[in-house]
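Overview (structure and organization)
If you want the building blocks of each chain, they are given just below.
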Amino acid sequence: MKEYVTSNISLRLLNQNRILNLLYNEGSLTQSEIKKKSSLSGPTVNSALQLYKEAGIFICGEALASSGGRKPMLLEFNYDYRYAIGLEIRKHHVDISIINLKGSCLAFKSIRKVFAMTDDYLREVNGLVKELVKENGIAEERLLGIAMAFPGEISLSGDEITRATVLNIHNVPLSSFREAFDYPLLIEYGPNAAGFGAVFRDKSIDDAVYVVITDNGIAGSVVIDKKIYRGRTGKAGAFGHIALDPNGRICDCGRRGCWSACCALNVLTNNDEIKLKDFFAKVDEGDSEAKGLLDKYLHDLSSGLIDVRLAYDTDIIIGGKIAPYLCDYLDTIKEYVFSYPVLKDDEFEIALDMSSSSPMSLGAALMLVDDFLKRN
């Protein structure tokens, strides 16, 4: 009897969650449409709808025209029922995003703040988050918490940062981070967060490789069936260390010619001596040196994309602050990639992620939204 009761409760919760996710994805439906699309019985649907309406997750919308009898009422998902905070930690900056359950950004702030592995630094960042929450009049009880996109590898056990080369830290327990914040804290490797967010937002994509191009290199993530693939040790997505040129620039890993070294943004900006927008302005003006540098850069970028496609056999999304500048060159990139004989007849997408000025903080926040949708 106990086993039957447990399974009965589990089935009810599963059906409720099915209805929650259906209305989340559709936005608004009538009760009869929910019954039809969910293929669940009337009493099951009625019970779940009552529960979610009482909680405030579903709200009543407009009454529709009736073909006879009572007018059908639209039920709408209340995307402002809860909010999530995405926090991206970088070497010299902190990005904070506050989103609703739909992923719409309600507030964003980028603050120059040099990283330090100290309690004072973490407490100051906590204060910046709370300040942005207060400025936007968001009630703390409506917050799901903070999801931090961190530039370092997280252990599979989820209890420490094993390595963050750019910040020069190793084997730091995550408890030291969580203790410094006043809201529940989730910590994820930044590129994983960005990749997850890009796939979560696009209902047509289940699998993709996400390539993040940063000032200092290339990082990435692999998303399979809308879940982050971590591999056996958590290093899945470290394809920035594909070797392109054994005589090329020295990579942070110590080897020469890694894809990361060949296609870091500082290749184009000469180690930040010029801004990215100024470089592309020179290209637009016809500067021969800039055009030659960009052509080699696009060729090297495409070479790495070929290897990524061959390794993972899925769509590719390119993110980072260079993404908007690549719009005019995406066809060139595709031409390079699809000219490779093995990929000539393949059908897959190479897309640019331009959804946010901070895709890592946005993606991290969406991880909290995903968790909410699975738990309720």
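Here is a short report on the structure shown in this document.

Parameters and conventions
In this convention, every chain numbers its residues from 1, walking through the sequence in written order. The predicted nature of this model means local features are confined to residues of pLDDT at least 70 and side-chain atom pairs, given and counted, to a pLDDT of 80 or more, with totals for whole chains, interfaces and linings taken over all residues. Here the side-chain values reflect all heavy atoms present in the structure, with hydrogen atoms and water set aside. When the centres of two rings from Phe, Tyr and Trp lie within 6.5 Å, Trp using its six-membered ring, the rings pair. Their planes under 30 degrees apart give stacked, over 60 give edge-to-face, and anything left gives tilted. What counts as a helix is a DSSP run of H or I of at least four residues, what counts as a strand is a run of E of at least two, and both are numbered from the N terminus. Each residue is placed in one exposure class: buried if its accessible area under a 1.4 Å probe, protein chains only, is under 20% of its type's maximum, exposed if it is over 50%, and partly exposed if it falls in between. Here, residues are in contact when the closest pair of their heavy atoms is within 4.5 Å. Pairs of strands are assigned from DSSP output, requiring at least two bridges between the strands. Angles run from 0 to 180 degrees between N-to-C directions of axes, and those axes are lines fitted to C-alpha atoms, restricted for helices to the stretch in contact. Only buried residues count toward a nonpolar core, which is a set of Ala, Val, Leu, Ile, Met, Phe, Trp, Tyr and Cys residues joined through side-chain atoms within 4.5 Å.

1. Considerations on the packing of aromatic side chains
Inspection of every chain in the model, using the stated rule, returns 16 aromatic pairs. Ring centres of Y24 and F77 lie 5.2 Å apart, and the angle between their planes is 85°; on these two criteria the pair is classed as edge-to-face. Placement of the pair is Y24 in helix α1 (residues 2–26) and F77 in strand β3 (residues 73–77), with a sequence separation of 53 residues. Residues Y24 and F77 agree in their burial class; the two are buried. Here a set of aromatic residues connected by ring pairs shows up, and it is made of Y24, Y52, F58, F77 and Y79.

2. Notes on the environment of V223
Relative to the helices and strands, V223 resides in strand β13 (residues 218–224). Expressed as a C-alpha distance, the spacing of V223 and F200, which sit 23 residues apart in the sequence, is 9.7 Å. Apart from the residues lying within four places of it in its own chain, the contact partners of V223 are G195, F196, V199, D206, D207, A208 and Y229.

3. Here's the deal with the sheet that holds strand β16 (residues 350–352)
Strand pairing within a sheet occurs via backbone hydrogen bonds; the two strands may be parallel or antiparallel. Reading across from one edge, β14-β13-β12-β15-β16 is the order of the 5 strands in this open sheet, with mixed pairing throughout. This sheet does not close on itself; its edge strands, each paired only once, are β14 (227–229) and β16. The sheet shows a mean angle of 30° between the axes of neighbouring strands, direction not considered. Sheet topology places strand β15 (residues 315–319) next to β16; 3 bridges connect them, and they run parallel.

4. Here we look at the environment of K235
Looking at the element boundaries, K235 is found in the loop between β14 and α7 (259–263). Exposure remark for K235: the relative accessible area of 44% places this residue in the partly exposed category. As a C-alpha pair, K235 and E153 span 82 residues in sequence and 7.6 Å in three-dimensional space. The contacts of K235, once residues within four sequence positions are left out, are E153, R163 and R230.

5. Focus on the sheet that holds strand β8 (residues 153–154)
Here 3 strands make up an open sheet; going across it, the order is β8-β9-β10 and the pairing antiparallel. For this open sheet the edge positions go to β8 and β10 (169–173), each flanked by a neighbour on one side alone.

6. A closer look at the environment of S357
Relative to the elements of secondary structure, S357 occurs in the loop between β16 and α12 (359–375). By relative accessible area, S357 is classed as exposed at 63%. Between the alpha carbons of S357 and G137 there is a distance of 23 Å; along the sequence they are 220 residues apart.

7. Observations concerning the nonpolar core
Core analysis: the biggest nonpolar cluster contains 47 residues, and I34, F58, F77, L101 and V369 have the highest contact counts within it. If you tally residues by element for this core, the top one is α12, at 10 residues. Those residues within four positions of V369 in sequence are excluded, and the remaining contacts are Y24, A84, I99, N100, L101, L144 and F200. Membership of the second largest hydrophobic core comes to 36 residues, among which are I85, F115, Y121 and F181.

On their own, these measurements won't tell you what the molecule is for.
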